[in-house]
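Each chain is listed here by its residues.
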Amino acid sequence: MAQSILEQLDQVLAERKGADADSSYVASLYHKGLNKILEKVGEEAIETVLAAKDAEQSGDNSKLIYETADLWFHSLVMLAERGENHQAVLNELARRFGLSGLEEKASRTPSN
Ligand SMILES: N=c1c2ncn([C@@H]3O[C@H](COP(=O)(O)OP(=O)(O)OP(=O)(O)O)[C@@H](O)[C@H]3O)c2ncn1[C@@H]1O[C@H](COP(=O)(O)O)[C@@H](O)[C@H]1O
């Protein structure tokens, strides 16, 4: 079966761990370290929020899709830096599937 784009990306992100920072954007992020990656995730999250507000005004979602792709991409780099991948997140979403957010919140102890 053909690999999904997320599977292909995870493979490339893992391969880039040994790559030269001058030859690859992902390798340059790994070389700068986790804090730089987190900075990019934060930046892309803000840009996504701003794009959603613009889309609400203009009715054009194209920038929102573009910025969300940047956010997902940098989140995947963050996961890869920590030795994780998209599958762990899909597993967590699958675990939650069908569990109402309101029920989950009510079931939490106060310390959670
Ligand atoms: N999907 C992406 C992807 N999305 C966004 N970006 C880069 O993420 C950066 C986004 O940063 P900004 O928008 O903030 O722009 P910037 O000002 O250039 O960034 P900074 O200098 O501030 O860090 C840009 O350089 C984009 O090119 C990506 N870079 C790589 N990929 C994928 O990762 C693979 C490996 O990339 P390399 O490691 O560069 O070969 C590629 O083949 C793609 O599949």
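- Per an unreviewed UniProt entry, the chain goes by the name Phosphoribosyl-ATP pyrophosphatase and belongs to Spongiibacter pelagi.
- According to the UniProt record, the Sequence similarities (unreviewed entry) comment for the chain is "Belongs to the PRA-PH family."
- Under Pathway (unreviewed entry), UniProt gives the following word-for-word description of the chain: "Amino-acid biosynthesis; L-histidine biosynthesis; L-histidine from 5-phospho-alpha-D-ribose 1-diphosphate: step 2/9."

**A closer look at a nonpolar patch on the surface**
(1) Moving on: Taken together, the side chains of Val-89, Leu-90 and Leu-93 present a nonpolar region at the surface, about 240 Å² in accessible area.
(2) Moving on: Among the secondary structure elements, Leu-93 is positioned in helix H5 (residues 86–96).
(3) Moving on: For Leu-93, a relative accessible area of 47% gives the class partly exposed.

**Some points on the nonpolar core**
(1) Moving on: Among the nonpolar cores identified, the biggest contains eight residues, and these are Leu-13, Val-26, Leu-29, Tyr-30, Ile-37, Leu-76, Val-77 and Ala-80.
(2) Moving on: If you list the elements that add at least two residues to this core, you get helix H2 (25–32) and helix H4 (62–81).
(3) Moving on: In contact with Leu-13, other than residues within four places in its own chain, are Val-26, Tyr-30, Phe-73, Leu-76, Val-77 and Ala-80.

**Thoughts on the pattern of salt bridges**
(1) Moving on: As enumerated under the stated definition, the model contains seven salt bridges in all.
(2) Moving on: Put simply, Lys-53 and Glu-56 hold a salt bridge, and the shortest N to O gap is 2.7 Å. With Lys-53 and Glu-56 both in helix H3 (residues 34–58) and three residues apart, the pair spans about one turn of that helix.
(3) Moving on: For Glu-104, the salt bridge goes to Arg-108, with nearest N and O atoms at 3.0 Å.
(4) Moving on: On the accessibility criterion, Glu-104 (28% relative accessible area) is partly exposed.
(5) Moving on: Judged by its relative accessible area of 37%, Arg-108 falls in the partly exposed class.
(6) Moving on: It is possible to trace a salt-bridge network through shared partners that takes in Glu-92, Arg-95 and Arg-96.

**Side note on the site of the ligand**
(1) Moving on: Around the ligand, a shell composed of Leu-9, Val-12, Arg-16, Ser-24, Tyr-25, Val-26, Lys-40, Glu-43, Glu-44, Asp-70, Phe-73 and His-74 is seen.
(2) Moving on: Side-chain polar atom of Ser-24 to an oxygen atom of the ligand: 2.5 Å apart, as the coordinates give it.
(3) Moving on: The separation between an oxygen atom of the ligand and a polar main-chain atom of Tyr-25 is 2.8 Å.
(4) Moving on: Taking 840 Å² as the accessible area of the ligand by itself, protein coverage stands at 51%.

Procedures and definitions
- Residues numbered from 1 in each chain as written.
- Predicted model: local features only at pLDDT ≥ 70, side-chain atom pairs only at ≥ 80, totals over all residues.
- Heavy atoms only, no water.
- UniProt positions renumbered as here; feature names shortened; annotations may be inferred.
- Patch = residues over 30% accessible without salt bridge, like charges linked within 9 Å, V, L, I, M, F, W, Y side chains within 5 Å.
- Areas by Shrake-Rupley, 256 points an atom, 1.4 Å probe, with all protein chains shown as cover.
- Salt bridge = Lys/Arg side-chain N within 4 Å of Asp/Glu carboxyl O.
- Helix = DSSP H or I, 4+ residues; strand = E, 2+ residues; numbered from the N terminus.
- Buried < 20%, exposed > 50% of the residue type's maximum accessible area, 1.4 Å probe, protein only.
- Core = buried A, V, L, I, M, F, W, Y, C linked by side-chain atoms within 4.5 Å.
- Contact = heavy atoms within 4.5 Å.
- Near = heavy atom within 4 Å.
- Polar contact = N/O pair within 3.5 Å; in protein donor to acceptor, adjacent residues only side chain to side chain.

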